[in-house]
Amino acid sequence: MPDPVFLKILHSQFVNICEEMAVAMMRTAYSPIFNEGLDFSFLILDENGDLVAMANMNPAMLGQALFSGRWVIDDVGADEFEPGDVIVHNDPYRGGSHMPEHLLVTPFFFDGKRRGFLGTVGHVAEIGGMAPGSFSSNATEIYQEGLRLPPVKLVRGGKHVQETWRIMLANHRTPEHTWGDFNAMIGALSIGQRRLEALYEEHGVEQIAEAVPSLFDYAEAWMRRDISELADGTYSAEDCQEDDGFADRPYFIRCDLTIAGDRVIVDYSRSDEQARGVINGPYVVTASATYNGIFQVIGSECPINAGAFRPIDIIAPAGTVVNVRHPGPCVGGQTELQPRILDLIQGKILSQIVPERCAAACGGTSCNFLFGGIHPRTGHYYAHYNFEGIGWGGRRTTDGNNAQIVPHGNCQNTPLEVFETRYPWLHSEYRLNPDGGGAGRTRGGLGITRVMTVEADEIVVSALCDRSKVSPWGVDGGGSGERLAFLVRRDGDEEFRTFSEAFGTISPTKFSNVRLERGDAVLLRSPSGGGYGPPWERPVAHVLEDVASGFVSVARARADYGVVLGTDGGVDEAATRALREELARGVG
Amino acid sequence: MAWVEREEPWYRIDVQYCEVTGQLLPRRYWEFEHEGRVLKARDPHCEELFREYVLARRPETERAQT
């Protein structure tokens, strides 16, 4: 067993290499989804493709980090990887998550022998398909979602493979960005190569070869210890995505989670069959979400490597909404199914065992808004994939975060200044939603409202959102968060209407290729988080702060929290005490 | 029960799934028998999971469909 201090140092060095690659990517990529949104991850794999370390960037990509590299290496054959090669892959049926996310893998050689692999997963904002931004809510087959690449060489021996590049560039709507973004990924990987080489020079091949399995064992032991502290048993719950863009019916994810000593079995066998629309996820998406839900509650400080996942088994039968079969579409699985599973695991299942570590439901949708067209200023084609901040659920001791991207994504919003500089929209509102957060002893975080007007002759827009019919739930007596609204006001109209009312889309929140014109305005109200605990137990001082901050209105302070404010803004203590007693008795 | 090497021509692009967990089956997969039926799994751990968990937990009717 190597020295534990050395193990800790080595682990940190591996993670630092991943983080340095990530910073290089952020600084050199062309698209805002990378520069601003940080929708990517970097990883180091051992010679078998097992995860050694990853940068703490996008947890939604955990499943790919664990499975995709291994499967790609298996698919291609490890001996096919030569020095200077980079393989690209985005096939959800061969270990990918959804097609916009591309895995790039390059081998790491030292002293003439392959020692492992470096990888990156990046969400490329435009990869062709039936809608700009490659989120085709009306797709019914994978072929409509963009260009699907099985593992193929993008770089061979340090030189671009022109055949692969030309196919990609010809099929993506914004080839300049494809060129810039993929080269940013390749450049970042080459930085990782140099740093890993220096690390091997520092410690030597033998010491690292001996240490990596010990790092895996250490993480596994950590997780098994934490799992052992939980009560054995099977815990079940369900949640749903409210429609698939075609049928006005919910699709249920049903989970039975068994704790048996030091292992966890997560079984989704009772989930609904796969949907016709794009809300399905492949196995790695379900795995990512499951791991994220578990790691939010158990072993959150544990080093993330292949060993940490050994005690967890996941059963997700093929042909269900949690494991789509070819050629079912699945672009929405990574963005909509993931938050649903994550909350199901932590907020409905593990909260039955350790409620103090869990949270109420978050807004639960990435609020995907995609658009593209010819920019009136440049004359060039543009496309953008935008995700939006939502409210997170209240936790045992703290309120939910306001206006944060879904918890599994760890991404950032695109600032208005960047948004309006790059794309022909003008914002008239971008603000938090007062009274949106689910009432509770700790309050749900607030979603946002964005209103923006088209500043071009035409913009083609698509959306893929959820939680417009089913509210983000509260926990332990907490109230629900406000639901999503995605509306449009045609130029000259006075009212905002749903896209179904204005354009006849089947679903008001899942549609593709709607043509907006100059002067049309879009209103997005993202959902807020659920509350935790009875609202009348929220300290009066916190309610007052909420009112002063504009997060809660005077009327809702009274109705939800039982805090009665006088005309001078002061608390009517007698009336508050009486009202809170009534609310607690259920008569308020 | 045994390891099986999947020998498929390069132009076949369809995939197969582990019949226990739903994971993608690698080129080399684990095959085992249960009540006269041959099941394809990712590795021996999946067979263990099948015998310890799936058979123990699921009702008979559901097991038959597994």
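In this text, all values refer to a predicted model and were calculated from it rather than measured experimentally.

Cut-off values and rules
- Residues numbered from 1 in each chain as written.
- Chains lettered and ligands numbered in written order.
- Predicted model: local features only at pLDDT ≥ 70, side-chain atom pairs only at ≥ 80, totals over all residues.
- Axes fitted to C-alpha atoms, helices over the stretch in contact; angles between N-to-C directions.
- Helix = DSSP H or I, 4+ residues; strand = E, 2+ residues; numbered from the N terminus.
- Parallel < 35°, antiparallel > 145°, perpendicular 65-115°, else oblique.
- Left-handed = near helix turned anticlockwise from the far one by under 90°.
- Contact = placed C-beta atoms within 7 Å.
- Nonpolar A, V, L, I, M, F, W, Y, C, P; charged D, E, K, R; others polar.
- Core = buried A, V, L, I, M, F, W, Y, C linked by C-beta atoms within 7 Å.
- Buried ≥ 20, exposed ≤ 12 C-beta atoms within 10 Å, placed from the backbone.
- Domains from an automatic or database assignment.
- Pairing = 2+ DSSP bridges.

Right, let's get into the packing of helix 1 (residues 4-28) of chain A against helix 5 (residues 175-203) of chain A. Two measures define how a pair of helices packs: the angle their axes make with one another and the distance between the axes. All names here are of chain A. Viewed as axis vectors pointing N to C, helix 1 and helix 5 meet at an angle of 155°, and their least axial separation amounts to 8 Å. One element, helix 1, and the other, helix 5, form an angle in the roughly antiparallel class. Between helix 1 and helix 5 lies a crossing of right-handed hand. In this structure, helix 1 contributes Q13, I17, E20, M21, A24, M25 and T28 to the contact, and helix 5 contributes A184, M185, G187, A188, L189, I191, G192, R195, L196 and L199.

Okay, the interface of chain B and chain A next. On the side of chain A, 16 residues touch chain B, which itself brings 13 residues to the contact. For the side of chain B that touches chain A, the class distribution of residues is eight nonpolar, three polar and two charged.

This part takes up the nonpolar core. Residue and element names in this part refer to chain A. Core analysis: the largest hydrophobic core is formed by 162 residues, its most contacted members being C18, M21, M25, L43, I44 and M54. Formed jointly, this core draws a minimum of three residues from each of two domains, domain 1 (4-221) and domain 2 (359-533). Apart from residues lying up to four places away in sequence, C18 is in contact with F42, L43, I44, A53, M54 and A55. Of all hydrophobic cores here, the second largest spans 13 residues; its members include A403, L432, I448 and W536.

All names here are of chain A. Read from one edge to the other, the open sheet built from five strands follows the order 14-15-20-17-18, with strand pairing classed as antiparallel. Edge positions in the sheet fall to strand 14 (425-432) and strand 18 (497-498), since each has one partner strand and no second. The sheet contact formed by strand 17 (residues 485-489) and strand 20 (residues 521-525) spans five bridges and is antiparallel. Within strand 20, the residue paired with F486 across the bridge is L524.

Take the packing of helix 1 of chain A against helix 6 (residues 205-228) of chain A next. All names here are of chain A. At a minimum axis separation of 10 Å, helix 1 and helix 6 run at an interaxial angle of 95°. The angle between helix 1 and helix 6 falls in the class roughly perpendicular. Where helix 1 approaches helix 6, its residues F6, L7, L10 and H11 are matched on the opposing element by A211, S214, L215 and Y218. Residues that form the contact of helix 1 with helix 6 fall into these classes: six nonpolar, two polar and no charged.

Each assigned domain of chain A is listed here: domain 1 (4-221), domain 2 (359-533) and domain 3 (535-585). Look at where the C-alpha atoms of domain 1 of chain A and domain 3 of chain A centre, and you get two points 51 Å apart.

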